[in-house]
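What follows is the residue order along each chain.
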Amino acid sequence: MSATTPSEPVVPMSRPARSVARAALVAAISVLLPLLLAAAPASGSLSTEPRPIHAGQARPDVTLTAAPPVLFCTIRPGVQGCTSFGPDEPGALVAILYAEPWFHGARVHVFLATALAACTARTSDDEGGGDLAGPLLALLGHVGSVETFHRCDVQLHDAFLDAGGAVSGWIDEVSDVSGRVAAFTVS
């Protein structure tokens, strides 16, 4: 038979000892965390700068998961395509194209750069539009819902604007887009 030694009773730490232990742990983390972060492999950063990509170029490396949560497109009356992809262009928010149904997910904020900063009530005028290309390519075929503002309406195209294709009716708001979306026009 083996001899067993009685175990010693566990004595809880006093309150001052726990405070000292916590302070030592916080100090160790504050020293080690920057070292661990510096040693971690750097991941690619997303640039918000527009890339020179033409509408017809395929980008298989860009997927919906690579899209930042908010993208921007500024349009001008009578001009086909986004004239700016940054939030700094003045204008009124006229539409939001969402990547998922019911107004969720990554989105494209569409701004109208005009002196009046609003659409007209009729749909026969051309307020502009754009292809889901360049920085917006991640949403190509992935538009799930649309809402409009400032009396604007949107048409959705299943092909790039210069390629023709099927076009939806004029939309004020739709919570679940059916079909592939490659471009939009605003009126």
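A few points about the state of the cysteines
Tallied over the full model, the rule gives one disulfide. Between the sulfur atoms of C73 and its disulfide mate C82 the distance is 2.0 Å. Between C73 and C82, the S-S torsion sits near -100 degrees, and that sign places the bridge as left-handed.

Here's the deal with the confidence of the model for the protein chain
Per-residue pLDDT for the protein chain has a mean of 75; in total, 59% of the residues score no lower than 70. When the criterion is pLDDT under 50, residues 43-65 qualifies, and its contacts beyond four places in sequence or with other chains add up to 21 contacts.

Remarks on the nonpolar core
The biggest cluster of nonpolar side chains holds 31 residues, and the ones touching the most others in it are L97, V108, V110, L132, L156, F184 and V186. For this core, the secondary-structure elements that each account for two or more residues are β1 (70-75), β2 (92-100), β3 (104-112), β6 (154-157) and β8 (183-186).

Focus on the packing of aromatic side chains
Per the counting criterion, the structure on display carries three aromatic pairs. Ring geometry for F72 and F111: centres 6.3 Å apart, planes at 25 degrees, overall stacked. Highlighted residues: F72 in strand β1 and F111 in strand β3, separated in sequence by 39 residues. Measuring from centroid to centroid gives 6.5 Å for W102 and F103, while their planes differ by 90 degrees, and the two rings are edge-to-face. Given a relative accessible area of 56%, W102 falls into the exposed group. Among the residues examined, F103 registers a relative accessible area of 22% and is labelled partly exposed. Here the aromatic residues Y98, W102 and F103 are joined through ring pairs into a cluster of three or more.

Calculation criteria
- Residues numbered from 1 in each chain as written.
- Predicted model: local features only at pLDDT ≥ 70, side-chain atom pairs only at ≥ 80, totals over all residues.
- Heavy atoms only, no water.
- Disulfide = S-S within 2.5 Å.
- pLDDT = per-residue confidence, 0-100.
- Contact = heavy atoms within 4.5 Å.
- Core = buried A, V, L, I, M, F, W, Y, C linked by side-chain atoms within 4.5 Å.
- Buried < 20%, exposed > 50% of the residue type's maximum accessible area, 1.4 Å probe, protein only.
- Helix = DSSP H or I, 4+ residues; strand = E, 2+ residues; numbered from the N terminus.
- Phe/Tyr/Trp six-rings, centres within 6.5 Å; stacked < 30°, edge-to-face > 60°.

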